[in-house]
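Structure at a glance
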Amino acid sequence: MWRYPDRPAQGTLAAAELWNSDSYFTFEKWNGWRVFIMFEELGIQGWTRHHRRLSDALHRDDDFAPELLTSLMKLHVPNGTIDDCEFMNRPVQSVVGLPPEFVVVHDLLQIRGEWQGQVTLSTRMQRLMQIMSRYRPRSTMQTIALPTPIPVSTLEVSFEALRAKNQGVNLHDGIVLKRKNSLLVGGVDRAATNPGWMKVRF
């Protein structure tokens with residue numbers, strides 16, 4: 001049984017600047033579909049956080065476009081792995097030089113069938129980066145990515161630059177801060193607000 005991901009609490013930029021940069025990851029927050037990508041023996045599936053197949057939500061035959069599916073297959077991720085991702089397929093992406101369809105992989109929820117709920121975010125990110133760096137060929141860089149980190153020391157400048165970049169395209173909706181030692185607190189069929197995560201919207 002796969003589970004709902006955690007969600008961040010809503011915060012402010014002023015509050016975010018008070019957080020200790022050594023204790024938190026800070027990332028750009030993409031504005032797409034929050035999707036689970038499940039790697040199974042019979043294939044790769046996309047599911048929304050409402051337990052709906054991505055293909056059904058998009059009203060099409062396949063969860064992923066052929067280029068993205070090929071990239072996901074080339075990762076050679078172990079069966080029984082579930083990634084928490086942001087799925088991006090906005091028409092404006094092609095206009096600004098982005099692939100028409102890509103995913104940003106936020107978290108590693110399960111690997112080889114083992115739920116990662118009691119593993120710290122820092123360790124989950126290390127495992128995720130190992131998978132991505134070991135198995136991802138250069139040709140998939142455009143369609144599969146890790147979240148872009150933001151230095152807390154330049155948080156206000158980076159936040160305003162991202163806001164300006166987002167004008168007219170609406171590809172981001174802010175930033176997310178996550179405590180490095182945070183654990184997943186949601187359960188089966190239950191979303192939960194993680195006290196160690198905070199989202200700051202534009």
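**Remarks on the pattern of salt bridges**
- All chains considered together, the criterion is met by 8 salt bridges.
- In this structure, Asp 173 and Lys 29 form a salt bridge, with 3.8 Å as the shortest nitrogen-oxygen distance. Residue Asp 173 is found in strand E9 (residues 172-179), and its partner Lys 29 is found in strand E2 (residues 24-30); the two are separated by 144 residues along the sequence. Assigned by exposure class, Asp 173 and Lys 29 land together as buried.
- Where Glu 101 meets Arg 60, a salt bridge forms, and the shortest distance between an N and an O atom there is 3.1 Å. On the criterion of sequence distance, the pair formed by Glu 101 in the loop between helix H4 (92-95) and strand E6 (102-111) and Arg 60 in the loop between helix H2 (54-58) and helix H3 (66-74) is long-range, its members being 41 residues apart.
- Overlapping salt bridges, with partners in common, bring together Lys 29, Glu 86, Asp 173 and Arg 201 in one network.

**Considerations on the packing of aromatic side chains**
- Tallying each qualifying case throughout the model produces 4 aromatic pairs.
- Seen in terms of ring centroids, Phe 25 and Phe 27 are 5.8 Å apart; in terms of plane orientation they differ by 20°. Their pairing is stacked. Taken individually, Phe 25 and Phe 27 each receive the classification buried, so the pair is uniform in this respect.
- Here Phe 159 and Phe 202 contribute two aromatic rings whose centre-to-centre distance is 5.2 Å and whose plane-to-plane angle is 55°, an arrangement assigned as tilted. Of the two residues, Phe 159 is situated in helix H6 (residues 155-166) and Phe 202 in the segment after strand E10 (192-201); the sequence distance between them amounts to 43 residues.
- Phe 159 gets classed as buried once you look at its relative accessible area, which sits at 2%.
- Take Phe 202: its relative accessible area is 30%, and that puts it in the partly exposed class.
- The ring of Trp 197 is capped by Lys 178, whose NZ or CZ atom sits 4.0 Å from the centre of that ring.
- Lying across the ring of Phe 25, Lys 180 places its NZ or CZ 5.2 Å from the centre.

Each value, and the rule that gives it
- Residues numbered from 1 in each chain as written.
- Predicted model: local features only at pLDDT ≥ 70, side-chain atom pairs only at ≥ 80, totals over all residues.
- Heavy atoms only, no water.
- Salt bridge = Lys/Arg side-chain N within 4 Å of Asp/Glu carboxyl O.
- Helix = DSSP H or I, 4+ residues; strand = E, 2+ residues; numbered from the N terminus.
- Buried < 20%, exposed > 50% of the residue type's maximum accessible area, 1.4 Å probe, protein only.
- Phe/Tyr/Trp six-rings, centres within 6.5 Å; stacked < 30°, edge-to-face > 60°.
- Lys NZ or Arg CZ within 6 Å of the ring centre and 35° of its normal.

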